[in-house]
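Tertiary structure, described
Given next are the chains, with one letter for each unit.
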Amino acid sequence: MSTVSLTHRNSPDLFSRVIEGVVAFFDAVGEGRRIAQRYESLSRLSDAALAKRGLTRQDIARAALNGR
């Protein structure tokens, strides 16, 4: 009895990896822009408005990163 072994490529080809990398890059750029917009929006609030959200000025960066 003889067996035949077929090679199956588990890894995507170079073109697919490049496309995935480009998509990941633009996803990261988009996320960075959303974080910057949240930071800008929060930094424009008064201390009283921040306090209503349970934040202080020192919390703005963390809140922007966490999506609050």
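Structure's up top.
The following refers to the structure shown. (Residues numbered from 1 in each chain as written. Predicted model: local features only at pLDDT ≥ 70, side-chain atom pairs only at ≥ 80, totals over all residues. Heavy atoms only, no water.)

Take the overall build of the chain next. Within the chain, the regular secondary structure consists of 3 helices and 0 strands. In sequence order, the chain lays out its α and β elements as α-α-α. Here the chain holds 68 residues, and 12% of them are scored as buried. If you take every contact in the chain between residues at least 6 apart in sequence, the share linking residues at least 24 apart comes to 24%. For the chain, the computed accessible surface area is about 5,800 Å², with 57% contributed by carbon and sulfur atoms. (Helix = DSSP H or I, 4+ residues; strand = E, 2+ residues; numbered from the N terminus. Buried < 20%, exposed > 50% of the residue type's maximum accessible area, 1.4 Å probe, protein only. Contact = heavy atoms within 4.5 Å. Areas by Shrake-Rupley, 256 points an atom, 1.4 Å probe, with all protein chains shown as cover.)

This part takes up the pattern of salt bridges. The full count for this structure, using the stated rule, is 5 salt bridges. Taking the shortest distance from any N to any O, the salt bridge between Glu31 and Arg38 comes out at 3.7 Å. By relative accessible area, which is 31% here, Glu31 ends up partly exposed. With relative accessibility at 22%, the residue Arg38 sits in the partly exposed group. (Salt bridge = Lys/Arg side-chain N within 4 Å of Asp/Glu carboxyl O.)

Worth remembering: the numbers are spatial, not functional.
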